[in-house]
Amino acid sequence: QVQLVESGGGLVQAGDSLRLSCAASGRTVSGYAMGWFRQAPGKEREFVAAITWSGGPTYYAKSVEGRCTISRANAKNTVYLQMNSLKPEDAAIYYCAGKSTTTNVAQARTYDYWGQGTQVTVSS
């Protein structure tokens, strides 16, 4: 069983930056993929970014590409989401998720493990 714990959220002003962290514990398998999703009030959960644990490509939603970078630190069992130039529309609860495959990384329903979420609030 894998446990994921997000951290790094907070209240920022538009244009500021944040780095979210997702610490994974428990058993891991090869071909693992990690993703970041977010959910704002009244909206569906949406894909933000994903990365493969084994060093494959990264993926980004159109809404964040150019402003966000997903990265990993295998030795620390941690995945990061660096968010720059934050906008009010970025405000949401951000969730870290993991899966044992590297396909369909933008589809939330394909993920096996989820963190508790970390709140990101962006003021104008």
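Note: the structure precedes this text.
Residues numbered from 1 in each chain as written. Predicted model: local features only at pLDDT ≥ 70, side-chain atom pairs only at ≥ 80, totals over all residues. Heavy atoms only, no water.

Undergrad: What's the story with the overall build of the protein in this structure? I'm lost.
TA: Of the regular secondary structure elements, the protein holds 0 helices and 11 strands. Over its C-alpha trace the protein gives a radius of gyration of 13 Å, about what one expects of a compact globule, namely 14 Å for 124 residues. Referenced to the eigenvectors of the C-alpha coordinate spread, the extents of the protein come out at roughly 40 × 25 × 25 Å. Here the protein, with 124 residues, has 42% of them falling under the buried criterion. Sequence-distant contacts, at least 24 apart, represent 57% of the contacts inside the protein between residues at least 6 apart. Surface exposure of the protein reaches about 6400 Å², of which carbon and sulfur atoms provide 46%. Here the protein contributes 12 positively and 8 negatively charged side chains, and the mean placements of these two sets differ by 7 Å. (Helix = DSSP H or I, 4+ residues; strand = E, 2+ residues; numbered from the N terminus. Rg over C-alpha atoms; globule rule 2.2 N^0.38 Å. Buried < 20%, exposed > 50% of the residue type's maximum accessible area, 1.4 Å probe, protein only. Contact = heavy atoms within 4.5 Å. Areas by Shrake-Rupley, 256 points an atom, 1.4 Å probe, with all protein chains shown as cover. Lys, Arg positive; Asp, Glu negative; His and termini not counted. Charge placed at Lys NZ, Arg CZ, Asp CG, Glu CD.)

Undergrad: What is the right way to look at the nonpolar core in this model?
TA: Buried together is how nonpolar side chains tend to be arranged in soluble globular proteins. Ranked by size, the top nonpolar core spans 36 residues in total, and within it M34, W36, V79, L81, M83 and Y94 carry the most contacts. Elements supplying a minimum of two residues to this core: β1 (2-7), β3 (18-26), β4 (33-39), β5 (46-52), β7 (68-73), β8 (78-83), β9 (92-99) and β11 (118-123). It is β5 that provides the largest number of residues to this core, a total of 5 residues. Contact partners of Y94, with chain neighbours within four places excluded, come to E6, L20, W36, F37, R38, V48, L81, M83, G117, T118 and V120. (Core = buried A, V, L, I, M, F, W, Y, C linked by side-chain atoms within 4.5 Å.)

Undergrad: Is there a simple way to explain the state of the cysteines in this structure?
TA: With the rule as written, the count across this model stands at 1 disulfide. Put simply, C22 and C96 are joined by a disulfide, and their sulfur atoms are 2.0 Å apart. The sign of the S-S torsion, about -80 degrees, decides the handedness of the disulfide formed by C22 and C96: left-handed. Remark: C96 occurs in strand β9 and C22 occurs in strand β3; sequence separation between them is 74 residues. Summary of cysteine pairing: C68 is not part of a disulfide, and the nearest cysteine sulfur, belonging to C96, is at 14 Å. Given the relative accessible area of 6%, C68 is considered buried. (Disulfide = S-S within 2.5 Å.)

Undergrad: How should I be thinking about the side chain of T118 in this particular structure?
TA: Looking at where T118 falls in the secondary structure, it is placed in strand β11. Among residues more than four places away in sequence, those in contact with T118 are E6, S7, G8, G9, L20, A92, I93 and Y94.

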